[in-house]
Amino acid sequence: GAVVSQHPSRVICKSGTSVKIECRSLDFQATTMFWYRQFPKQSLMLMATSNEGSKATYEQGVEKDKFLINHASLTLSTLTVTSAHPEDSSFYICSAGQRQAPRDGYTFGSGTRLTVV
Amino acid sequence: DAKTTQPNSMESNEEEPVHLPCNHSTISGTDYIHWYRQLPSQGPEYVIHGLTSNVNNRMASLAIAEDRKSSTLILHRATLRDAAVYYCILSDNSGGSNYKLTFGKGTLLTVNP
């Protein structure tokens, strides 16, 4: 089945630095990538949707200059948290979609636990 | 997106069936009913989805009410590995292109040994 590899699984960074999270589709072409954020004991919140070769579409309230999304290839999308602050500490998750809507649901990455100190 | 209502938590015993309810009284005619689950510190995992008819797969069964205003996810024999948060989500994927998933709070399922 479809596999999405997300790295790193955990990262700790200092306040003010930037962190890059990668999501790779291993055996399919991910024309669409969804990026979510999940705070402790809360549900997933969609941050943005990116289509390969196009600019990402951000959900209301998500700062596009802070959360930079690159989806330059059909197998790789990255989320860069710029100038990270402690309030950006969260669990970040990606999921990938192919050219047609998935017959058996979306495949999600395993998530990245970001801690900003 | 139409909203869904699920119990905050449920408990079951290992090897017994589990019925997880979901109410979606404002569902539209083109909304599909999706179920995903999320184990602790992992990304969500697809379970099952359907439109009108009941659906079965290797993981679970989905029973959809005739008026489509509610549905039930059925795990036929719960195992400890089924302990997770289960999300019932409505989304219109009738167009064939990629659709968004809006996650609610879900139901935390605890499985007792």
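Provided above is the structure to which this section pertains.
A quick note: this is a predicted structure, and the numbers were derived from the prediction, not measured.

**Here we look at the state of the cysteines**
Part 1: Summed over all chains, the structure comprises 2 disulfides over all chains.
Part 2: There is a disulfide in this structure between A:C23 and A:C94, and the S-S distance comes to 1.6 Å. Measuring the twist about the S-S bond at about -85 degrees, one finds the A:C23-A:C94 disulfide to be left-handed. You can see A:C23 sitting in strand β3 (residues 19–25) and its partner A:C94 sitting in strand β9 (residues 90–97), a full 71 residues away along the chain.
Part 3: Each sulfur of the disulfide joining B:C22 and B:C88 lies 2.1 Å from the other. Taking the torsion about the sulfur-sulfur bond, which here is approximately -85 degrees, the covalent link between B:C22 and B:C88 counts as left-handed. Linking B:C22 in strand β2 (residues 18–23) with B:C88 in strand β8 (residues 84–91), this pair joins segments that are 66 residues apart in sequence.
Part 4: Overall, the relative accessible area of 1% leaves B:C22 in the buried class.
Part 5: What makes B:C88 buried here is its relative accessible area of 1%.
Part 6: A:C13 takes part in no disulfide bond, and the closest cysteine sulfur to it belongs to A:C23, at a distance of 17 Å.

Parameters at a glance
- Residues numbered from 1 in each chain as written.
- Chains lettered and ligands numbered in written order.
- Predicted model: local features only at pLDDT ≥ 70, side-chain atom pairs only at ≥ 80, totals over all residues.
- Heavy atoms only, no water.
- Disulfide = S-S within 2.5 Å.
- Helix = DSSP H or I, 4+ residues; strand = E, 2+ residues; numbered from the N terminus.
- Buried < 20%, exposed > 50% of the residue type's maximum accessible area, 1.4 Å probe, protein only.

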